[in-house]
Amino acid sequence: MKGSLKMTNLLSRIRKSSKKTKTSTNKHRNRKRFKLRNQNAISIPKDLPSPHEEEDEEGEENAEEGFKLKSSAPLLTHGVQPLGNLYLNPGSINSRDTGLGNLHTLSDELVLEILGFLDSTDLGVLSTVSKSFYVFTNHEPLWRNLVLENLNGGFQFNGSWKSTYVAASYPSFDISSNALKSFKVRDFYSDYLFQSWLCANLEMKPEWLERDNIVRKRGISVEEFVLKFEEPNKPVLLEGCIDNWDALENWDRDYLMQLSGDVKFAVGPVEMKLGDYFRYSDQVREERPLYLFDPKFAEKVPKLGSEYEVPVYFREDLFGVLGSERPDYRWIIIGPAGSGSSFHVDPNSTSAWNAVIKGSKKWILFPPDVIPPGVHPSPDGAEVASPVSIIEWFMNFYGSTKNWKKKPVECVCKAGEVIFVPNGWWHLVINLEESIAITQNYVSRRNLLNVLDFLNRPNASTLVSGTRDRVNLYDKFKNAIEASFPGEMDELARKEAEKKIQQKKLSFWDSVSDSNAGAFKFSF
Amino acid sequence: MSGISDTERMITLKTVEGTLFDVKSSIAKDLKTVQAFIDDSDDDVTSPIPLPNVFTRELSRILDYLNNHHRFRSGIEKADEEMARYDAEFAKSMSHEELKALILAANYLNVKDLLEFLNQTVADVIQNKSVEFVRNFFGIENDYTPEEEEKLRNENEWAFNGVEQD
């Protein structure tokens, strides 16, 4: 925008500047919180579940129906309302500001960043300073960070992150009798905190699930798959190709618990026992639930690895030549409704398949040349700034895709179905219910040159993921391919060059012989 | 390793009061908001970039910080100690009001490292202090009733052991 500065307010993660923990899905560093748009007074639609805390003393009846947000009603976990409501209430004071004193000129994000440097005792003490401080210091993400940093994965989720932390760190303090009941504040207006609550409690709207335009195929041959989908790099949903999996028959929560309840799996930045994870996922109600996403599940529990096999379409997997030195390539994915991954492109320029064993997932895919609305990759592709949560993306950006010419590919993938995600495609996934899935990334001959190019980039060491030896991966891989498939790369390169020449020829003739256009078409 | 300035271009920034600052492009990179503006511009930016939210005092401090940090980073070994000393002095040299104003400016200009440092500085002030201290320091009115406050204290009793008494 000429003449004025666009204010980019990249919200750094609310945590102490600590080690960058690496997970296979953690491709996002900076996140942007989009302010509430076009929303003044909020009346919550009927499908919104009522707040989960117990009713307050006044006995407000908010039960099953959904409710309208009155300006004086202390409704939310702490009674936070959006700023729009303040403006409708002339003469009203914002207890947020009075309670912060001269800190009130700082934005919510800044206040939370400051609080993010404090430890639990400080937060506990500060909550008694004023009602405003109460709301801020009880912001769950702060406590989530404390739990994840200090307790690693060894925690028993206890209703809320704060409660979990206090119960674990101050065992002599009787949590239950002094149940940290939520305390309602009045006249507290804040878009950021309201949005945070909203995103944590909103369910997927039916209209977000309506569009299902992916191509579905059942029982096609590998040749047809390669010709129609892999080669042209198009997504497809394959039905019936994992019917023979033992996993499909056996895997449910009880089975997995019996098999591996005490095994630690990778969950976000930590490792957790499966049993502890389920305890968390049953209770949690937050914007970005922790997601179990483990690249070593077959090594940890060989039986799991033995109960599935790679569908026939994806068996050519050239990273296999690297043996144990190959980057992470297969994950078990378990998560509650609302968990998932916001927009990203898979690493190393690989393609992927994702098979749902239990539950269901909503997918949204954009082709490589179309950046999804609300997503801002950095020029070198190393960082992706995207809305904080999947729900927030749906609330703020999904609607705009309806009018786009380049509509995204969408579908709901159910148990027994497999989706093929071509390399370079942007995708977003959200679990609509508790789900168990397996996903793998792979490289076939159709994709080999792309991957080599990617690994050979000058900034490969930051971009390449899933392996410890990033810088040498290019050399290793190239040599290994040459050893196992001598001459293959040259052959592929030759074919590729030939194809390009063909395409140039075509477009030339196109322009010369095009009588429909009437005017001479320039093709540069 | 960041490249040595191929062309150390100068960018001119203009504060609210109209003061002009010439800034090396390598420094301007740390002002991410400014950098985004430059990146988004089709042509080379020749005229001064106006910063409608930033005052001279703040910009001057920010540039001072960045210039020094760049110097420390590109210099010799003992830089860490020197840098820590500089940072401590830098934080101490400001009143609370000035610190807050600087946070807002650093936030607007998106100077990540400085912002983190400033936020940490404020956090350091609050750390381990009593409720009364915090209220006085920030000029906060206690809006709890005595009953509410007591109830809340009980609920957070685990936090109060070991903190300096009011």
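Up top you'll find the structure we're talking about.
Nothing here was measured: the structure is a model prediction, and the numbers come from that model.

## Section: the packing of helix α3 (residues 108-115) of chain A against helix α6 (residues 112-126) of chain B
Reasoning step 1: Close contact between α3 of chain A and α6 of chain B brings their axes to 8 Å; oriented N to C, the two are set at 65 degrees. As α3 of chain A runs across α6 of chain B, the sense of the crossing is right-handed. Mapping the contact onto sequence places L110, E113 and I114 of chain A in α3 of chain A and L115, N119, V122, A123 and I126 of chain B in α6 of chain B.
Reasoning step 2: In terms of residue class, the contact of α3 of chain A with α6 of chain B is built from 6 nonpolar, 1 polar and 1 charged.

## Quick notes on the interface of chain A and chain B
Reasoning step 1: Listed as interface residues are 48 residues of chain A and, on the opposing side, 50 residues of chain B.
Reasoning step 2: Each partner contributes to the roughly 4,400 Å² buried at the junction of chain A and chain B, and carbon and sulfur atoms together form 63% of this total.
Reasoning step 3: Along the contact surface separating chain A from chain B lie 1 salt bridge.
Reasoning step 4: Here K131 of chain A makes a salt bridge to E148 of chain B, at a shortest N to O gap of 3.4 Å.
Reasoning step 5: Taken together, chain A and chain B are joined by 13 residue pairs in polar contact (both at pLDDT 80 or more).
Reasoning step 6: Contributing elements (two or more residues each) for the side of chain A that touches chain B: α2 (95-100), α3, α4 (120-126), α5 (131-137) and α7 (161-169) of chain A.
Reasoning step 7: Class assignment of the residues belonging to the side of chain A that touches chain B gives a composition of 23 nonpolar, 18 polar and 7 charged.

## Comments concerning the pattern of salt bridges
Reasoning step 1: Applying the stated criterion to the full structure yields 35 salt bridges over all chains.
Reasoning step 2: Across the salt bridge formed by E239 of chain A and R218 of chain A, the nearest N and O atoms sit 3.6 Å from each other. Taken together, the positions of E239 of chain A in strand β5 (residues 236-239) and R218 of chain A in strand β4 (residues 216-218) put the pair 21 residues apart, joining distant regions of the chain.
Reasoning step 3: Among the residues examined, E239 of chain A registers a relative accessible area of 18% and is labelled buried.
Reasoning step 4: Between R135 of chain B and E132 of chain B there is a salt bridge whose closest N-O contact spans 2.9 Å. Of this pair, R135 of chain B and E132 of chain B both sit in helix α7 (residues 131-138), 3 residues apart, which is roughly one turn of the helix.

## A look at the sheet that holds strand β3 (residues 49-50) of chain B
Residues and elements named next belong to chain B.
Reasoning step 1: Across the sheet, 3 strands lie side by side as β2-β1-β3; this open sheet has mixed pairing. In the strand order of this sheet, the two ends are held by β2 (20-24) and β3, each with one partner.
Reasoning step 2: Here strand β1 (residues 10-14) runs beside β3; their pairing, made up of 2 bridges, is parallel. Paired with L13 across the bridge in β3 is I49.
Reasoning step 3: Here helix α3 (residues 56-74) sits on the sheet and contacts β1 and β2; the angle it forms with β2, its principal contact strand, is near 20 degrees.

## Description of the side chain of D294 of chain A
Reasoning step 1: Here D294 of chain A is to be found in strand β8 (residues 292-294).
Reasoning step 2: Beyond its immediate chain neighbours, meaning those up to four positions away, D294 of chain A contacts K264, F265, A266, K300, R330, W331 and I332 of chain A.

## Quick notes on the pairing of strand β16 (residues 417-421) of chain A
All names here are of chain A.
Reasoning step 1: Judged by how many residues are buried, β16 sits mostly within the fold: 5 of 5 residues are covered.
Reasoning step 2: Where burial is concerned, the two faces of β16 agree: the one with E417, I419 and V421 and the one with V418 and F420 are both buried.
Reasoning step 3: Where β5 and β16 come together, 4 bridges link them in antiparallel fashion. Considered in β16, the bridge of L238 is made with V418.

## Overview of the state of the cysteines
Disulfides are covalent bonds that connect the sulfur atoms of two cysteines.
Residue and element names in this part refer to chain A.
Reasoning step 1: Counted under the stated rule, the structure contains 0 disulfides over all chains.
Reasoning step 2: A disulfide-free cysteine, C241 has its sulfur positioned 9.6 Å from the sulfur of C413, the nearest such atom.
Reasoning step 3: A residue is classified by how much of its surface remains accessible, and C241, at 17% relative accessible area, is buried.
Reasoning step 4: The thiol of C413 is unpaired, and the distance to the nearest cysteine sulfur, on C411, comes to 5.7 Å.

## Some words on the environment of R135 of chain B
Reasoning step 1: Note on R135 of chain B: relative accessible area 6%, which makes it buried.
Reasoning step 2: Among all residues touching R135 of chain B, those that are not within four sequence positions of it are T128 and V129 of chain A together with I140, N142, Y144 and E149 of chain B.
Reasoning step 3: At 3.2 Å, the side chain of R135 of chain B forms a polar contact with the side chain of E149 of chain B.

## As for the nonpolar core
Reasoning step 1: Grouped together as the largest cluster of nonpolar side chains are 130 residues, with contacts concentrated most on F225 and W251 of chain A together with L109 and L118 of chain B.
Reasoning step 2: Core analysis: the second largest hydrophobic core is formed by 18 residues, M204, W393, L428 and I430 of chain A among them.

About the criteria used
- Residues numbered from 1 in each chain as written.
- Chains lettered and ligands numbered in written order.
- Predicted model: local features only at pLDDT ≥ 70, side-chain atom pairs only at ≥ 80, totals over all residues.
- Heavy atoms only, no water.
- Axes fitted to C-alpha atoms, helices over the stretch in contact; angles between N-to-C directions.
- Helix = DSSP H or I, 4+ residues; strand = E, 2+ residues; numbered from the N terminus.
- Left-handed = near helix turned anticlockwise from the far one by under 90°.
- Contact = heavy atoms within 4.5 Å.
- Nonpolar A, V, L, I, M, F, W, Y, C, P; charged D, E, K, R; others polar.
- Buried area = accessible area lost by both parts, 1.4 Å probe.
- Salt bridge = Lys/Arg side-chain N within 4 Å of Asp/Glu carboxyl O.
- Polar contact = N/O pair within 3.5 Å; in protein donor to acceptor, adjacent residues only side chain to side chain.
- Buried < 20%, exposed > 50% of the residue type's maximum accessible area, 1.4 Å probe, protein only.
- Pairing = 2+ DSSP bridges.
- Disulfide = S-S within 2.5 Å.
- Core = buried A, V, L, I, M, F, W, Y, C linked by side-chain atoms within 4.5 Å.

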